[in-house]
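This is what each chain is made of:
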Amino acid sequence: MVTEKNHRVKDIDTLKALGHPLRIKLYRALFMVGTATASQLADKVDEAVSLVSYHLRKLSAHGIIEEAEPGSGDGRERWWRPVSTTVSTRDEDWRDAPERAAVHTAVSRVYARQRNEMYEEYLDSKHAWSDDWRGASFSSEFLFTLTAEELQELGRELGELVAKWRERGTAAREAGDTQGRENVALHVNAFPFRV
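Residues numbered from 1 in each chain as written. Predicted model: local features only at pLDDT ≥ 70, side-chain atom pairs only at ≥ 80, totals over all residues. Heavy atoms only, no water.

Caption draft 1: Structural detail: the nonpolar core. Core analysis: the largest hydrophobic core is formed by 22 residues, its most contacted members being L26, L30, L41, V52, L56, I64 and I65. Breaking this core down by element, the ones donating at least two residues are α1 (12-18), α2 (21-33), α3 (38-45) and α4 (49-61). With six residues, the single largest contributor to this core is α2. (Core = buried A, V, L, I, M, F, W, Y, C linked by side-chain atoms within 4.5 Å. Buried < 20%, exposed > 50% of the residue type's maximum accessible area, 1.4 Å probe, protein only. Helix = DSSP H or I, 4+ residues; strand = E, 2+ residues; numbered from the N terminus.)

Caption draft 2: Focus on unusual backbone geometry. The residue D46 is not glycine, and still its phi comes out positive at about 55°. Note on placement: D46 falls in the loop between α3 and α4.

Caption draft 3: Representation of the pairing of strand β4 (residues 79-82) in the model. Where strand β2 (residues 36-37) lies against β4, two bridges are found, and the strand directions are antiparallel. Looking across to β4, one finds that T37 is bridged to W79. Where strand β3 (residues 65-68) meets β4, four bridges bridge the pair, whose relative direction is antiparallel. What sits directly across from I65, in β4, is P82. (Pairing = 2+ DSSP bridges.)

Caption draft 4: Just the side chain of H104, in detail. Tracing the backbone shows H104 in helix α5 (residues 98-125). With a relative accessible area of 9%, H104 lands in the buried category. Look past the residues within four positions of H104 in its chain and what remains in contact with it is L15, T89, R90, D91 and W94. (Contact = heavy atoms within 4.5 Å.)

Caption draft 5: Geometry of α3. Of the residues making up α3, those classed as buried are A38, L41, A42 and V45. Along the long axis of α3, the arc covered by the buried residues comes to 105°, so they all point the same way. Of the exposed residues in α3, the ones pointing more than 90 degrees away from its buried face are D43 and K44. Here the buried face of α3 lies against α2, β2, α4 and β4. Backbone geometry just downstream of α3 places D46 in the positive-phi region, at approximately 55°. (Arc of directions from axis to C-beta.)

Caption draft 6: Summary view of the pattern of salt bridges. As enumerated under the stated definition, the model contains nine salt bridges in all. The partner of D93 in a salt bridge is R8, and the shortest N-O contact between them spans 2.8 Å. A residue pair is termed long-range when its members are at least 10 positions apart, and D93 in the loop between β5 (86-88) and α5 and R8 in strand β1 (residues 6-8) qualify at 85 residues. The class for D93 is buried, based on a relative accessible area of 15%. Overall, R8 belongs to the partly exposed group, its relative accessible area being 32%. The shortest N-O distance in the salt bridge between D91 and R95 comes to 2.7 Å. Bridged by salt links that share partners, the residues R8, E92 and D93 form one connected network. (Salt bridge = Lys/Arg side-chain N within 4 Å of Asp/Glu carboxyl O.)

Caption draft 7: Here's a closer look at the environment of F144. Summarising the element assignment, F144 is placed in the loop between α6 (131-136) and α7 (148-174). In the structure, F144 is positioned 135 residues away from V9 in sequence and 29 Å away in space, judged by C-alpha atoms.

Caption draft 8: The arrangement of the packing of α2 against α5 in detail. Direction vectors running N to C along α2 and α5 enclose 55°, while the axes themselves pass 10 Å from each other. With respect to α5, the element α2 is oriented oblique. By crossing handedness, the relation of α2 to α5 is classed as right-handed. Contacts between α2 and α5 involve P21, I24, K25 and R28 from the former and V110, Y111, Q114, R115 and M118 from the latter. Classifying every residue of the contact of α2 with α5 by side-chain character gives five nonpolar, one polar and three charged. (Axes fitted to C-alpha atoms, helices over the stretch in contact; angles between N-to-C directions. Parallel < 35°, antiparallel > 145°, perpendicular 65-115°, else oblique. Left-handed = near helix turned anticlockwise from the far one by under 90°. Nonpolar A, V, L, I, M, F, W, Y, C, P; charged D, E, K, R; others polar.)

So, to be careful, I would describe these as geometric facts and stop short of saying anything about function.
Written as structure tokens, this is what we have:
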């Protein structure tokens, strides 16, 4: 896996490429396994290998994933890996034109829907998880009164904390320490609102 690195998307074509629902699922699946072939990812997302290959090539063309050293098996298979540990967008990069801002909002909505779907899938299958995992899972809403600068600082601090735990999990996986480990999603949204 790559070292902690953020790919901040600023061009509209890459943003549009990342806005495809299947590409989002493929990127998540690839990120969680580290390296994989189109065949392996097709099994994870329940899609045809040819369709998965097409979308992987699109992600590669925009620098989101790259070819990796063959993991095993047939040397003719193409292996893929993520280029960075995070892919992000910032509102400030899309304000220069209404059509760019509209695309950014539309893509952000696709991600928000998928995050909500992931959590609802957990809720629907919660009974299948052990008491330990159900007890460790959480959903919280924290309400604050902050300035924009304070909210940015909170975001930076959360990013540092998440990076620490991601590095810990990655190091354990690379060392073969997989006993009791599961994929974990942490979704955090921070935004102003008025009552």
